[in-house]
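These are the residues of each chain, in order.
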Amino acid sequence: MLKMSANDIRLGLSAENAEAAIRAAGAVLVETGAVAPEYIESLLAREQTATTYLGNGLAIPHGRPEDAHFIHETRVVALQIPEGVTWQGGQTVKLIFAIAAKSDEHIGLLRQLTGLVGDEALAERLAHTTDVQDILAAVQAAEDVPLVGKEVNEEFEGSEMEILFTNPRGFHLRPAGKFSRAVKKYAGEVTLVVKSREVEPDSPTRILNMGISAGDHIRLRVKGPNETDTISELAAILEAVNHEPQQEEAQVSAGVQWHSEGETHTEISATMAAPGLAVAPVWKWSPLDLTAKKRAVGDTDAETADLRNAIDVALQDLRGLTEENLNEVQRDLFDAHASLLEDAEISSDAVALIRKGEDALSAWRQTIESQAEKIEALGNENLMQRAVDMRDIGLRVQKILLGASANILDGVETPVIFVADDLQPSDAAQLQASKVKGICLKKGSPNAHAAIVARSLGIPMIVAAGEALDQLSEEEIVILDASGGRLIANPSEADLASAKTAIAELAVQQNRDRDHRFEPAMLKDGHRVEVMANLGQVSEAAGVIDSGAEGVGLLRTEFMFLDRSSSPDEMEQYTALKEMITALQGLPMIVRSLDIGGDKPVSYLGLDEQDLSFLGLRGFRLAMARPDLARTQLRAIYRAAAHGPIRLMFPMIATVNDFYRAREMAEKVRREVGGPEIELGIMIEVPSAVVLAEELAEAADFFSIGTNDLTQYTLAMDRTHPLLAKRTDSLHPAVLRLIDMTVKAAHGKGKWVGVCGALAGDPLGALILTGLGVDELSMPPAGVAGVKALLRQENLADLSALACKALTQRDARSVRALRPNL
């Protein structure tokens, strides 16, 4: 047991702030010879990533584990500040126990300190004593207090799992807090059995009092509803403590996780649509009730003129918006709506109704609703967004006819948390990150236009929050923890302070990452991973270079086929491809051949819902069914390849013969146009392609793994289904094992492997994929800098070990628990 002496205690001190107090404590550690002076900065750095406040005026600052080499000997010193000093969460601290520990020798003393926390009167007396022996006696007395808990119930009936605790740092404060919060959410009974004692771990103090250290066997017990899921979740947290990186604080470059410490707030659960954290006042928005608006009605000619004028004004507004300082997602949405308004059939139908006696407003409403109902009658869920778009442009013209404002941000002077029932696409496209810090919707979907816009702008967003949002008051300050799928109302001052700190840390890290975005993703041991960008529009090509990407790992050519009434001809496709490869200034571009179907439907190819399904005529299958489309696209691709380094890959290849047919068609077209020979690859997104990976690797030049489809086909879950989308996590061990098989097969034949699905841009996914041997990662341009920065902090050996652990986990949640801070 670690002991303290009178020389380790300083009484009657004062400090201007927490930093000054921590520096004073560090100076005492230096004075005693326990640490080098550099350890003081480690104490301060640790304070930025986790609270060290225990309670009742007591704090335990300690350094980062990766700075243990600055520690000469394990020691704990105590500082008394009778007047108190404000800690990072707003609490007043009067007793500071600063810890310098090489491993877990301090855990026993930490357990003793938690005993002092439980006695408010004793803590207050020690904060004002003038005799160091009082503090020594209190610590000594706490040492004699037995571990909390009770005798082990040997007749326990429920679910039980034994876990060997291996973290050399012991079960310290942060994981204890996380574990206890998870226990509190469970309606049944949870206990831990350690060292022949059984404890209810519903508070971090109880867990710390158990003195759990490396080598201890923990028996986790759960009794009550959903035992299997609960014990799995809690076991994953314990495993996360075991696998906690010893340089944990250095690995938060891709984001900052935030956890509430308060218990008096109101928490509203929802579904994450765009990740992030925000603090701002509530601003409630409701769409204008157009049914209550009236307008003067003229004769037939006047009403026709009013309608045509309203449509023209709406078009001018949309065209003007596309020229403003908006991002590509917003501009694309306004462009699509403008194309709908330009449809002469719609305006003609409305004018025909006016000539039958309707006024302009009612004629327009009837026409739009009729068009939307026709789309809905197709019964294809993938086309439902088009019906939403149709009604949306209808509202835009109605507002002009009624003289109503179309700007949803009118009246917003300072940044707000935008709260609404739902958002129409054109409303969402008006969002500005400078005015909207977060979005909370009663309804909505993570796949809706509003969510896509929010993600493109970096605005945190939750959807499907339900009627609970009604309890919010206008202008009340709330915390939107979108990454955690919740909104915190009535937050404590401590929560507000810690959330703002997390937001500031993330902004600093993102700026630092961006400054280094042009540097390669070189691991510490010299291993390099190519980081590429996914591309889906001509106008995005120029931004690829600025993002720091080393080229385009996926060009989605279907953007040229969507939101139109006929397929593009060869010249249009060639022009677009030439413009993009030219804009890349010599960087390579991997073009994916047409991948229509699934969640990317078109209405003009004469395909029914079965053809368009995820198991229908997707990818290469459509090329075989419609060789005219495929040949036209291949001609454009080979012509554009004369202007820069283009590679071509085919989606939905399920058999070796599929690729042979694709390669044969491509070669015939290449000879016709006199195009250069280019690398031909395969998208690995069907389990059969993984099984046949060795044979496919002999024929193809490279593999690119589409993790989105590979996941849904492996788990047999439609990734667009609202109830199943959350479960289609590409970090599921089943998916990772298929990726592992693919990489080994390709490397065995001397071929390289990339990943262009969402997993490549997931921080933990990028690390595990690198550990599995993936050579190239391709992601949205906005994620390039962060992933590069994250990889530069790692060694390949460590990532390989991480990947091996991931392959042995039981589910995606357990995999994510391996690196809980990502």
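Residues numbered from 1 in each chain as written. Predicted model: local features only at pLDDT ≥ 70, side-chain atom pairs only at ≥ 80, totals over all residues. Heavy atoms only, no water.

A word on the sheet that holds strand S12 (residues 277–285)
Sheet strands pair via backbone hydrogen bonds, and the direction of the pair is either parallel or antiparallel.
Right, on to step 1. Taken together, eight strands build an open sheet; the order of strands is S10-S17-S16-S12-S13-S14-S15-S11 and the sheet is mixed. Since the sheet does not close on itself, it has two edges, and those belong to strand S10 (266–269) and strand S11 (271–274), each with one partner. If you compare each strand with its neighbour and ignore which way they point, the axes differ by 30° on average.
Right, on to step 2. Alignment of S10 against strand S17 (residues 486–489), held across four bridges, turns out to be antiparallel. Following the sheet pairing, threonine 266 is matched in S17 by alanine 489.
Right, on to step 3. Sheet strands in contact with helix H16 (residues 493–515) are S12 and strand S16 (477–481), and its direction is about 110° off that of S12. (Pairing = 2+ DSSP bridges. Helix = DSSP H or I, 4+ residues; strand = E, 2+ residues; numbered from the N terminus. Axes fitted to C-alpha atoms, helices over the stretch in contact; angles between N-to-C directions. Contact = heavy atoms within 4.5 Å.)

Comments concerning the sheet that holds strand S7 (residues 189–194)
Right, on to step 1. Pairing is antiparallel in the open sheet, where four strands are placed in the order S6-S9-S7-S8. Every other strand in the sheet has two partners, leaving strand S6 (159–164) and strand S8 (197–199) as the edge strands with one partner each. Direction aside, neighbouring strands of the sheet carry axes that sit 20° apart on average.

As for the pattern of salt bridges
Right, on to step 1. Scanning the entire structure with this criterion turns up 37 salt bridges.
Right, on to step 2. With a shortest N-O distance of 3.0 Å, glutamate 31 and arginine 10 are connected by a salt bridge. Here glutamate 31, found in helix H1 (residues 18–31), pairs with arginine 10, found in strand S1 (residues 9–10); they are 21 residues apart in sequence, far enough to count as distant.
Right, on to step 3. The exposure class of arginine 10 is partly exposed, given its relative accessible area of 22%.
Right, on to step 4. The shortest N-O distance in the salt bridge between arginine 514 and aspartate 546 comes to 2.8 Å. In this pair, arginine 514 is assigned in helix H16 and aspartate 546 in helix H17 (residues 541–547), connecting sequence segments 32 residues apart.
Right, on to step 5. The network of salt bridges with common partners includes Glu570, Arg631, Arg635, Arg639 and Glu672. (Salt bridge = Lys/Arg side-chain N within 4 Å of Asp/Glu carboxyl O. Buried < 20%, exposed > 50% of the residue type's maximum accessible area, 1.4 Å probe, protein only.)

Side note on the packing of aromatic side chains
Right, on to step 1. Taken as a whole, this structure holds four aromatic pairs when the rule is applied.
Right, on to step 2. Judged by centre distance (4.7 Å) and plane angle (5°), the ring pair of phenylalanine 702 and tryptophan 752 falls under stacked. Pair noted here: phenylalanine 702 is in strand S24 (residues 702–705) and tryptophan 752 is in strand S25 (residues 752–755), with a separation of 50 residues, a long-range link.
Right, on to step 3. Using a relative accessible area of 23% as the deciding quantity, one classes tryptophan 752 as partly exposed.
Right, on to step 4. Cluster of aromatic residues (ring-pair linked, three or more members): Trp283, Trp285 and Phe418.
Right, on to step 5. Positioned over the ring face of tyrosine 574 is arginine 639, at 4.0 Å from the centre of the ring. (Phe/Tyr/Trp six-rings, centres within 6.5 Å; stacked < 30°, edge-to-face > 60°. Lys NZ or Arg CZ within 6 Å of the ring centre and 35° of its normal.)

A look at the nonpolar core
Right, on to step 1. In this structure, Phe703, Ile739, Ile768, Leu777 and Leu791 are the most contacted members of the largest nonpolar core, which totals 91 residues.
Right, on to step 2. Apart from residues no more than four positions distant in its own chain, isoleucine 739 is found in contact with Ile705, Thr707, Leu710, Leu759, Leu769, Leu772 and Val774.
Right, on to step 3. Ile311, Ala314, Leu341 and Leu401 belong to the second-largest nonpolar core, a separate cluster that totals 27 residues. (Core = buried A, V, L, I, M, F, W, Y, C linked by side-chain atoms within 4.5 Å.)

Focus: the environment of alanine 785
Right, on to step 1. On the secondary structure map, alanine 785 appears in helix H28 (residues 784–792).
Right, on to step 2. Using a relative accessible area of 11% as the deciding quantity, one classes alanine 785 as buried.
Right, on to step 3. Along the primary structure alanine 785 and aspartate 513 are separated by 272 residues, whereas in three dimensions their C-alpha atoms are 5.4 Å apart.
Right, on to step 4. Residue contacts for alanine 785: discarding those within four places in its chain leaves Asp513, Arg514, Arg517 and Ser547.

Topic: the packing of helix H27 (residues 763–771) against H28
Right, on to step 1. Viewed as axis vectors pointing N to C, H27 and H28 meet at an angle of 50°, and their least axial separation amounts to 10 Å. Relative to H28, H27 is oriented oblique. The handedness of the crossing between H27 and H28 comes out as right-handed. Across from Pro763, Ala766, Leu767 and Thr770 in H27, the residues of H28 making contact are Val787, Leu790 and Leu791.
Right, on to step 2. Its residues placed into classes, the contact of H27 with H28 shows six nonpolar, one polar and no charged. (Parallel < 35°, antiparallel > 145°, perpendicular 65-115°, else oblique. Left-handed = near helix turned anticlockwise from the far one by under 90°. Nonpolar A, V, L, I, M, F, W, Y, C, P; charged D, E, K, R; others polar.)

Some words on the environment of leucine 126
Right, on to step 1. For leucine 126, the location among the structural elements is in helix H4 (residues 120–128).
Right, on to step 2. With a relative accessible area of 1%, leucine 126 lands in the buried category.
Right, on to step 3. Taking the C-alpha atoms as reference points, leucine 126 and leucine 95, separated by 31 residues in sequence, lie 7.9 Å from one another.

Considerations on the confidence of the model for the protein
It should be kept in mind that the predicted coordinates are not to be read in detail where pLDDT is low.
Right, on to step 1. On average, residues of the protein carry a pLDDT of 83, and 83% of them reach 70 or more.
Right, on to step 2. Counting interchain partners and residues more than four positions distant, the pLDDT-below-50 stretch residues 245–256 has 41 contacts. (pLDDT = per-residue confidence, 0-100.)

Comments concerning unusual backbone geometry
Right, on to step 1. Of note, glutamate 475 is a non-glycine position whose phi angle comes to about 75°, a positive value.
Right, on to step 2. Assignment of secondary structure puts glutamate 475 in the loop between strand S15 (461–463) and S16.
Right, on to step 3. The backbone phi angle of methionine 652 is positive, close to 60°, even though this residue is not glycine.
Right, on to step 4. Note on placement: methionine 652 falls in the loop between strand S22 (646–650) and helix H22 (656–673).
Right, on to step 5. A relative accessible area of 2% places methionine 652 in the buried class.

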